[in-house]
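Working through the structure, step by step
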Amino acid sequence: RSKTVEHRVYSTHMYQEAIEFYDYWNDVKFDEWGWILQDRITNFKNHIITIGFDGKYQYLKYDCVSPLQEWHVDRHKAASQYAGYVEDNWQITDKLNLVVGLRYDQAELSVNMDYPGYPDHFDKDWSAWSPKSRLSYKIFPETTAFLNVSRAFRVPTAMEYCWYGAPTGVFIDPETAMEYEGGIIQKLGNNNSLRITYYYYDIDNYIMFNRNPLPLIMSGQVDKAIINADYLHLQGIETELNFQLHRTLSGYLNYTFQEPDLGPTSVPESELYDDQYQLPRHKVTLGLDWKPLENMEVLATMRYVGDRKTSFGKDIDSFITFDLGISYMLLDRKLKIKAYAINVFDEDYEEQYHIPAPERYFGINLSYMF
């Protein structure tokens, strides 16, 4: 079971000719909780069966005030989503393995509001079946080929469904996607391996935000504030080398290249905030794991992200960050103490345009296994 709470209070300084400059005040709160129940059955020959159920519930509350108008959305349950799934991992032969699964999602979204010109309540019900499959075959003793094909389903978030307290959810549909992955895993001696994967994701009804949704919402053009693009195609190549340099020192090196392609939209693309532009085309991660003592572990990670351009045509610089962590096990390895430093050299960088990433920070984590 898990629970999260998000609370935002902010004011936007705006201008309209009739009243000149003014402040638009907004207080928004989301909270949600979820659960998962899963069991694995292993008493079938050559089969491992996994059965599970999960659910999540999201609540929202809005208070929006400006000199022109105001509206309020009392706290209420905006979204409920339930799912059940089953998976069969079948070892057909010594060389051939097949995983097949099926997931069913049922989602209910509901908004109560006091928004000028719209009903004070609207809701939608969505459901989807999402099959998945993974086939792997050991071509040679050290070489395995694999192919994954699956379908994915994503319901709009509460913020997408009720942006600035407006009924944007009336005009958008959930995202569905077909996901294809294929590649090779090659063992390179003891404790070393190379994995190469090509992936292609075909996302239908990709949800996008307008660059400046508030004037559209306030002028009654809610259907242009958040829209569905016909599709987003995302393809790329990922390579990962896992290595062991010494019995106490191991690590991995990962490189990813990806390229997006956005389909037609009902609003000109120049008016949309298109976050897929901010996906890095080039990304490299190097991780090292050093165990100087039996109960001690030192983890170091370097990450490089290439430069990008936003849909505004603005540049986002490339960056390199370093993280470091040290852990120690006590009480017969039941108690683990971990200290870590994120962004060790205090790099000034942005994952997204004009949103500064955290500066250097430190933390301590304690965990105990019963």
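The structure this text deals with has already been given above.
Residues numbered from 1 in each chain as written. Predicted model: local features only at pLDDT ≥ 70, side-chain atom pairs only at ≥ 80, totals over all residues. Heavy atoms only, no water.

Structural notes on the packing of aromatic side chains
What counts here: Stacked, tilted and edge-to-face are the three classes applied to pairs of Phe, Tyr and Trp rings, where Trp contributes its six-membered ring and a pair requires centres within 6.5 Å; stacked means planes under 30 degrees apart, edge-to-face means over 60, and tilted covers the rest. Labels follow the DSSP assignment, with helices taken as runs of H or I lasting at least four residues and strands as runs of E lasting at least two, numbered in each case from the N terminus. Here the term buried applies to any residue with accessible area under 20% of the maximum for its type, exposed to any over 50%, and partly exposed to those in between, with areas from a 1.4 Å probe on protein chains only.
For the coordinates displayed, the defined rule picks out nine aromatic pairs. Look at tyrosine 180 and tyrosine 200: their rings are 6.5 Å apart centre to centre, the planes differ by 35°, and that puts the pair in the tilted class. Of this pair, tyrosine 180 sits in strand β8 (residues 175-187) while tyrosine 200 sits in strand β9 (residues 193-210), and the two are 20 residues apart along the sequence. The exposure class of tyrosine 200 is partly exposed, given its relative accessible area of 23%. When the centroid spacing of 5.3 Å and the interplanar angle of 90° are considered together, the rings of phenylalanine 322 and phenylalanine 345 count as edge-to-face. With phenylalanine 322 in strand β17 (residues 319-330) and phenylalanine 345 in the loop between β18 (335-342) and β19 (350-352), this pair connects stretches of sequence that are 23 residues apart. We classify phenylalanine 322 as partly exposed; its relative accessible area is 33%. The class for phenylalanine 345 is exposed, based on a relative accessible area of 61%. Here the aromatic residues Trp33, Tyr57 and Tyr82 are joined through ring pairs into a cluster of three or more.

A word on the side chain of glutamate 297
For the record, the criterion: By definition, residues are in contact when any of their heavy atoms lie within 4.5 Å.
Relative to the helices and strands, glutamate 297 is located in strand β14 (residues 296-305). Contacts of glutamate 297, omitting those with residues within four sequence positions, involve Asp289, Trp290, Lys291, Gly325, Ile326 and Ser327.

Focus: the layout of surface pockets
Heads up, the condition is: A cavity here means a set of 1 Å grid points, computed over protein atoms only, where a 1.4 Å probe fits but cannot escape. A pocket is an open set with protein on both sides within 12 Å along at least 5 of 7 lines, and lining residues have an atom within 4 Å of a point. Grid points are joined across faces, edges and corners, and a volume is the space filled by probe spheres set on the points. Under the scheme applied here, ten amino acids are nonpolar (Ala, Val, Leu, Ile, Met, Phe, Trp, Tyr, Cys and Pro), four are charged (Asp, Glu, Lys and Arg), and all others, including Gly, are polar.
A volume near 340 Å³ is recorded for the second largest pocket. Lining the second largest pocket are 21 residues, with Tyr85, Arg103, Asp105, Ser130 and Lys132 sitting closest to its centre. No other element matches strand β4 (residues 70-91), which puts six residues into the lining of the second largest pocket. Taken together, the residues that form the lining of the second largest pocket break down as eight nonpolar, five polar and eight charged.

Some remarks on unusual backbone geometry
Positive phi, normally seen in glycine, also occurs at asparagine 46, with a value near 65°. Considering the arrangement of structural elements, one finds asparagine 46 in the loop between β2 (20-44) and β3 (47-65). Residue class for asparagine 46 comes out partly exposed when judged on its relative accessible area of 41%. Even without being a glycine, asparagine 205 presents a positive backbone phi close to 60°. Looking at the element boundaries, asparagine 205 is found in strand β9. Residue class for asparagine 205 comes out partly exposed when judged on its relative accessible area of 27%.

What to know about the nonpolar core
We count it as follows: In plain words, nonpolar cores are sets of buried Ala, Val, Leu, Ile, Met, Phe, Trp, Tyr and Cys residues tied together by side-chain atoms within 4.5 Å.
Residues Phe30, Leu60, Tyr62, Leu109, Trp163 and Ile217 are the most contacted members of the largest nonpolar core, which totals 34 residues. Where this core is concerned, the elements lending two or more residues are β2, β3, β4, β5 (96-112), β6 (121-140), α1 (158-161), β9 and α2 (213-218). Contacts of leucine 109, omitting those with residues within four sequence positions, involve Ala78, Ala79, Phe122, Asp123, Lys124, Trp126, Val155, Pro156 and Tyr161. Counting ten residues, the second largest nonpolar core, distinct from the first, contains Tyr206, Ile227, Ala229 and Leu262.

That's the geometry; what it means functionally is another story.
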